[in-house]
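Listed here are the chains, written in short residue letters.
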Amino acid sequence: MSAPDRKPPAQLAVRRLGIDTQSEPVVFLHRNNPVSHAEGFEAHNRVLLRAGSREAIATLFLVTDDILADDVAGLSEAAWRRLRLAPDGHVTITHPRPVDSMSLVRGRIYGHELAENSLHAIIRDIAEERYSNLEIGAFLTACAANPLVRDEVRALTRAMVDAGDRLSWNADIVADKHSVGGLPGNRTTLIVVPIMAALGFVMPKTSSRAITSPAGTADTMEVLAPVRLGAADIHRVVEREGGCIVWGGAVRLSPADDMLIRVERALDIDTEGQMIASVLSKKIAAGATHLVLDMPVGSTAKVRDAAAAKALTDGLLDVAAAFGIHAVVVTGAGDQPIGRGIGPALEARDVLAVLRNEAGAPENLRERALVLAGALIELCGGAPKGEGIALARAVLADGRAWAKMQRICLAQGAMCEPPVAPHRRPVTAARDGRLVTIDNRKLGKLAKLAGAPEAKVAGVDLHVRLGDRIAAGMPLCTVHAEAPGELDYALDYAAANEAMFEIVA
């Protein structure tokens, strides 16, 4: 049969299966479905779903029992939302056009560098959701096994910016801040933004959710206020209060980055070149002109030593300069968590304690936030070198930062108090001695096993600091969980990883 005589694809009734596949559309067909036979579909094929003018590329799975009739397509929640179907709707299922850019990914796997147009093609296809999670994983692995060279990092950054929208501001100076991460707690952004906004600077902070950590800035801010704001609402909040703290994924800034982050989280990888492009593409798209970068350095932090810190600093500053951003990197000790709480609600509790100037507020969180705010104030010309931290301290101490934070939260939609987990149990010391090391990675994993960041109340409340004298039976931390099963699972992990807290006589 010639192409012009080809029959139009058959219409299939749809069924909403209520299956959560996160953001990846999935379609289910009975193995005997005539469309499968006509098109030669097999399980795990990528297929094109059409409902009127709406399209979605989905991963196909086949069922063998009577959960689906032969002439019905079962859709995951992501596929249903993408197509905006009615219960009596219909779809067609056909082969999508080939994803030609995958050949470029295969070349990168074998060590060939990617030109700027090649990276644009890959990122465009990812942003258009033409890549499966498996294919995104192949791209990330190719960039991890053979690290991106500097030209590739610049090109990747530009491609990620060009694939999405951009925010613009009626201001010569637009302040921003980012933490490289790898250190539990360290929720300084929620203190730095209100300090800067209280001083009259414009600081529209778009933040990420957690990648491999128990909480991202957006996860923690979401405990206090809505973070899923569109571009119009972001402009409204910033015009009114001078700053905001929102989830960047809601405004399609560097949309491919959110897809890459989703797969990075599953693979538990975060490569240097991808990290630089991820951070700076979001800042460029958000309209930042002046940026302070927080870089904790420690043996169990993301950046483990001075050599790695220098390499990452050089890369960040080089790419930032290439896009006209004034940036400074502030390194700091990464040998233990910043603050006491690890997990969205516990970190939000610590932030509020600092902003409210409570007597028991975590001192290291307060001081780290003031150092970063001081550096950003100086970078933006708000104080002479060396005097920014004093100005930041005054704004925090006299209540201006707390007042501004309340107004920002209310402008975003609400000002809430952090909830408390219904299930809590301490992890105690097995011996007397002095605490000499804390394994940040294992402590972060403990919080994730307790349910963070998906369960906002879950996480770990740290009771000790390096150098403390410890007595056998003393609580080292308390695990918080939403469900008893998750609490038990986390405590089993803690019992099997006693070296998470190294205590020597």
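Described in the following lines is the structure provided in the data block. Remember, it's a predicted structure, so these values are computed and weren't measured experimentally.

Our next topic: the overall build of the protein chain. The helix and strand tally for the protein chain stands at 18 helices and 18 strands. Scaling as 2.2 N^0.38, a compact globule of 505 residues should have a C-alpha radius of gyration of about 23 Å, and the protein chain matches this with 25 Å. Principal-axis analysis of the C-alpha atoms places the extent of the protein chain at approximately 80 × 55 × 45 Å. When the 505 residues of the protein chain are sorted by exposure, 55% land in the buried category. Accessible area for the protein chain stands at about 20900 Å²; split by element, carbon and sulfur atoms hold 51% of it.

Now for the sheet that holds strand 14 (residues 433–438). The antiparallel open sheet is built from three strands, whose spatial order is 16-14-18. Strands with a single pairing partner mark the edges of an open sheet, and in this sheet they are strand 16 (469–470) and strand 18 (501–504). With two bridges joining them, strand 14 and strand 16 adopt antiparallel strand pairing. Looking at strand 16, one finds that Gly433 is bridged to Ile470.

In this section: the nonpolar core. The biggest cluster of nonpolar side chains holds 48 residues, and the ones touching the most others in it are Met196 and Met405. Ranked by residue count, the leading element in this core is helix 14 (residues 363–379), at eight residues. Ignoring sequence-local partners within four residues, the contact set of Met405 consists of Leu190, Pro194, Met221, Leu224, Ile245 and Leu355. Grouped together as the second largest cluster of nonpolar side chains are 43 residues, Met275, Val279, Leu280 and Ala309 included.

Here we come to the side chain of Asp176. Considering the arrangement of structural elements, one finds Asp176 in strand 7 (residues 175–179). Classification of Asp176 as buried rests on a relative accessible area of 1%. A polar atom in the side chain of Asp176 sits 3.2 Å from the side chain of Lys283. The contacts of Asp176, once residues within four sequence positions are left out, are Met203, Pro204, Lys205, Lys283, Ala288, His290, Leu291, Val292 and Leu376.

Moving on, we come to the pattern of salt bridges. For the structure shown, the criterion picks out 33 salt bridges. Ionic pairing is found between Asp219 and Arg209, a salt bridge with its closest N-O pair at 3.2 Å. With Asp219 in helix 8 (residues 217–224) and Arg209 in the loop between strand 8 (203–207) and helix 8, the pair connects residues that are ten residues apart, well separated along the chain. Judged by relative accessible area, which is 4%, Asp219 ranks as buried. A network of salt bridges, in which partner residues are shared, links Arg150, Asp151, Arg154 and Asp318.

Attention now moves to the pairing of strand 8. With five of five residues buried, strand 8 lies mostly within the body of the structure. On strand 8, burial covers both faces: Met203, Lys205 and Ser207 on one face and Pro204 and Thr206 on the other are all buried. Note that strand 8 and strand 9 (residues 243–247) share five bridges and pair parallel. Each residue of the ladder has a partner; that of Pro204, found in strand 9, is Cys244.

Let's shift gears to the state of the cysteines. Counted by the stated rule, this structure contains zero disulfides. Its sulfur unpaired, Cys416 is 8.1 Å from the next cysteine sulfur, which belongs to Cys409.

Our next topic: helix 14. Taking 1.5 Å per residue as the helical rise, helix 14 with its 17 residues ought to reach 24 Å, and the 24 Å between its terminal C-alpha atoms agrees with that figure. Among the residues of helix 14, Leu365, Arg366, Arg368, Ala369, Leu370, Leu372, Ala373, Gly374, Ala375, Leu376 and Ile377 are the ones counted as buried. Count one or two residues on from helix 14 and you reach Gly381, which has phi positive near 80°.

Across the junction of Ala452 and Pro453, the peptide omega takes the value 0°, indicating a cis bond. Position of Pro453 among the secondary structure elements: in the loop between helix 17 (440–449) and strand 15 (459–462). Of note in the backbone geometry, His44 takes a positive phi value of approximately 80° without being a glycine. If you trace the backbone, His44 turns up in the loop between helix 1 (34–39) and strand 3 (46–51). Although it is not a glycine, Arg84 sits at a positive phi angle of roughly 50°. Position of Arg84 among the secondary structure elements: in the loop between helix 2 (77–83) and strand 6 (90–94). The exposed category is assigned to Arg84, whose relative accessible area is 59%.

Across the sheet, which stays open at both edges, the three strands sit in the order 7-10-11 with parallel pairing between neighbours. Of all strands in the sheet, those with a lone pairing partner are strand 7 and strand 11 (326–333), marking the two edges. For this sheet, the mean angle separating the axes of adjacent strands, direction not counted, is 20°. Pairing of strand 10 (residues 290–297) with strand 11 involves eight bridges; the strand directions are parallel. Looking at strand 11, one finds that Asp294 is bridged to Val330. Packed on one face of the sheet, helix 12 (residues 306–322) meets strand 10 and strand 11 and runs near 165° to strand 10.

Glancing now at the environment of Val174. Here Val174 shows up in the loop between helix 6 (150–162) and strand 7. Judged by its relative accessible area of 2%, Val174 is buried. Along the chain, Val174 and Ala458 lie 284 residues apart, while their C-alpha atoms are 34 Å from each other. Sequence-distant contacts of Val174, that is, excluding residues within four places in its chain, are made with Trp169, Val202, Pro204, Gly287, Ala288, Thr289 and His290.

This part is about helix 8. The element helix 8 is largely enclosed, with a buried count of seven among its eight residues. Among all positions of helix 8, only Thr217, Ala218, Asp219, Thr220, Met221, Val223 and Leu224 are buried. Each element contacted by the buried residues of helix 8 is listed here: helix 7 (189–198), strand 8, strand 9, helix 13 (344–355) and helix 16 (400–412).

On to the environment of Tyr131, then. Counting through the fold element by element, Tyr131 comes out in the loop between helix 4 (116–127) and helix 5 (133–145). You can call Tyr131 buried: its relative accessible area is 4%. When the C-alpha atoms of Tyr131 and Glu24 are compared, they prove to be 9.8 Å apart, with 107 residues separating the residues in sequence. For Tyr131, the contacting residues outside a window of four places in its chain are Arg46, Val99, Ser101, Met102, Val105, Ile122, Asp125, Ile126 and Ile136. A distance of 2.7 Å separates polar atoms of two side chains, one belonging to Tyr131 and the other to Ser101.

Calculation criteria
Residues numbered from 1 in each chain as written. Predicted model: local features only at pLDDT ≥ 70, side-chain atom pairs only at ≥ 80, totals over all residues. Heavy atoms only, no water. Helix = DSSP H or I, 4+ residues; strand = E, 2+ residues; numbered from the N terminus. Rg over C-alpha atoms; globule rule 2.2 N^0.38 Å. Buried < 20%, exposed > 50% of the residue type's maximum accessible area, 1.4 Å probe, protein only. Areas by Shrake-Rupley, 256 points an atom, 1.4 Å probe, with all protein chains shown as cover. Pairing = 2+ DSSP bridges. Core = buried A, V, L, I, M, F, W, Y, C linked by side-chain atoms within 4.5 Å. Contact = heavy atoms within 4.5 Å. Polar contact = N/O pair within 3.5 Å; in protein donor to acceptor, adjacent residues only side chain to side chain. Salt bridge = Lys/Arg side-chain N within 4 Å of Asp/Glu carboxyl O. Disulfide = S-S within 2.5 Å. Expected span 1.5 Å × (residues − 1). Axes fitted to C-alpha atoms, helices over the stretch in contact; angles between N-to-C directions.

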